[in-house]
Amino acid sequence: MISPSTNFDQSEINPLKSLDAWEEDVLERYPDPASIANDRAADSYRNYENPERDTVREFYRLNHIYQDYDFVLGKKNNYLKFDKQEMPVWDAFRFLNQLVDDSDPDTDLDQFQHLLQTSEAIRRDGHPDWMVMTGLLHDMGKVLCLFGEPQWAVVGDTFPVGCAFSDKIVYPEFFKDNPDFNDDRYNTKYGIYSPNCGLKNVHLSWGHDEYVYQMAKDYLPEPGLYMLRYHSFYSQHREHAYDHLMDEHDHEMFKWVDLFNPYDLYSKNPHPPDWNELRPYYESLVAKYLPQTLKF
Ligand SMILES: [Fe+2]
Ligand SMILES: [Fe+2]
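Here's what I pulled together on the structure shown here.

1. Comments concerning the overall build of the chain
Here's step 1: Scanning the chain from N- to C-terminus turns up 13 helices and four strands.
Here's step 2: Relative to its 296 residues, the chain shows a buried fraction of 39%.
Here's step 3: A separation of at least 24 residues holds for 76% of the contacts in the chain among residues at least 6 apart in sequence.

2. Quick notes on the nonpolar core
Here's step 1: Residues Trp 22, Phe 59, Leu 136, Met 140, Val 212 and Ala 216 are the most contacted members of the largest nonpolar core, which totals 68 residues.
Here's step 2: When sequence neighbours within four positions are dropped, the list of residues in contact with Trp 22 reads Leu 16, Phe 59, Val 155 and Gly 156.

3. Looking at the packing of helix α10 (residues 222–230) against helix α12 (residues 248–266)
Here's step 1: Relative to each other, α10 and α12 sit at 60 degrees, their axes nearing to 8 Å. Here α10 lies oblique to α12, going by the angle between them. Our pair here, α10 against α12, has a crossing hand that is right-handed. The residues of α12 that touch α10, namely those facing Glu 222, Pro 223, Tyr 226, Met 227 and Tyr 230, are Met 253, Phe 254, Trp 256, Val 257 and Phe 260.
Here's step 2: Residues that form the contact of α10 with α12 fall into these classes: nine nonpolar, no polar and one charged.

4. Looking at α10
Here's step 1: By the criterion of burial, α10 is predominantly enclosed, with seven of the nine residues buried.
Here's step 2: All of the buried residues in α10 are Gly 224, Leu 225, Tyr 226, Met 227, Leu 228, Arg 229 and Tyr 230.
Here's step 3: Of the surrounding secondary structure, the elements contacted by the buried residues of α10 are α8 (129–137), α9 (208–216), α11 (234–237) and α12.

5. With respect to the packing of α8 against α10
Here's step 1: Their axes nearest at 9 Å, the elements α8 and α10 cross at an angle of 20 degrees. For the element pair α8 / α10, the angle class is roughly parallel. Regarding α8 and α10, the two cross each other, and that crossing is right-handed. Facing α8, whose interface residues are Trp 130, Met 131 and Thr 134, α10 presents Gly 224, Met 227 and Leu 228.
Here's step 2: For the contact of α8 with α10, the class distribution of residues is four nonpolar, two polar and no charged.

6. What to know about the environment of Trp 22
Here's step 1: Secondary-structure assignment places Trp 22 in helix α2 (residues 20–29).
Here's step 2: A count of 22 C-beta atoms within 10 Å places Trp 22 in the buried class.
Here's step 3: Residues Trp 22 and Trp 152, spaced 130 residues apart in sequence, show a C-alpha to C-alpha distance of 9.4 Å.

7. A short note on the environment of Asp 129
Here's step 1: For Asp 129, the location among the structural elements is in helix α8.
Here's step 2: Taking the C-alpha atoms as reference points, Asp 129 and Lys 288, separated by 159 residues in sequence, lie 9.8 Å from one another.

8. With respect to unusual backbone geometry
Here's step 1: For Phe 82, which is not glycine, the phi torsion reads 50 degrees and is therefore positive.
Here's step 2: Looking at where Phe 82 falls in the secondary structure, it is placed in the loop between α5 (69–79) and β1 (86–88).
Here's step 3: One non-glycine residue, His 240, lies in positive phi territory at about 55 degrees.
Here's step 4: By the element assignment, His 240 lies in the loop between α11 and α12.
Here's step 5: Judged by C-beta crowding, with 13 C-beta atoms within 10 Å, His 240 ranks as partly exposed.

9. Describing the environment of Gln 236
Here's step 1: On the secondary structure map, Gln 236 appears in helix α11.
Here's step 2: For Gln 236, a count of 25 C-beta atoms within 10 Å corresponds to the buried category.
Here's step 3: With 10 residues separating them along the chain, Gln 236 and Met 246 place their C-alpha atoms 9.7 Å apart.

Quick notes on the rules
Residues numbered from 1 in each chain as written. Chains lettered and ligands numbered in written order. Predicted model: local features only at pLDDT ≥ 70, side-chain atom pairs only at ≥ 80, totals over all residues. Helix = DSSP H or I, 4+ residues; strand = E, 2+ residues; numbered from the N terminus. Buried ≥ 20, exposed ≤ 12 C-beta atoms within 10 Å, placed from the backbone. Contact = placed C-beta atoms within 7 Å. Core = buried A, V, L, I, M, F, W, Y, C linked by C-beta atoms within 7 Å. Axes fitted to C-alpha atoms, helices over the stretch in contact; angles between N-to-C directions. Parallel < 35°, antiparallel > 145°, perpendicular 65-115°, else oblique. Left-handed = near helix turned anticlockwise from the far one by under 90°. Nonpolar A, V, L, I, M, F, W, Y, C, P; charged D, E, K, R; others polar.

Below you can see the structure in the form of structure tokens.
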């Protein structure tokens, strides 16, 4: 099961039309309470006949089958060496934008626009500049797709491996085909962990969150790092399914994760901010927090 990505069938690599389809699904699951489109969004989530939902379902099926303990450790071992590539920060943002998917007419905004809209919404609300920086960087880990990783090993709700899968995770029924499901080391409530051992000791499923956290861990204050590392951990920040693994410090820090999450989910705006006007601010922000080049 620790197969390199190249061993997957083409249909198992990119089940979604575009990476954004996962985020759109999250948005339907957790609609913006302030939005008047609320009811419509909830209705469309319940519409299981929608063919687009089938691709999302297939995406979760693959994610839940293949993200087992060995897979996660294998990916960490490979990617956290950061020995693949090094590039100037602004080149990295441009690189990320190659993820634009021509086959999806609904994807009208590129990856950088999502980052910029998130950071601008944070800035508008007067939060500290390190949080603005966090907003701008939070999805940089999606470059994993450009390194040939399957969509289900880049995006998707993250969840702990090495212990029982919670039924609060979306589509929990697919976990029965995960090898860890029948492995006595990993299928009890605590598995390899101990009560309230703290998330720093827990391995989450592999994806863009852990990758960008590790990339940025020397550059941002701890609350920003929690936002990066756990922004897709919906079964905890929305459903509180893993309180038994968290320690006091995690709970304190998750107040920041909760603060960040609506900016990620609900800042999408069809009118892109004027980059030329914003550029000087962001150039000095990036120079303040990040080194000149990022390692991948
Ligand atoms: Fe993300
Ligand atoms: Fe995001």
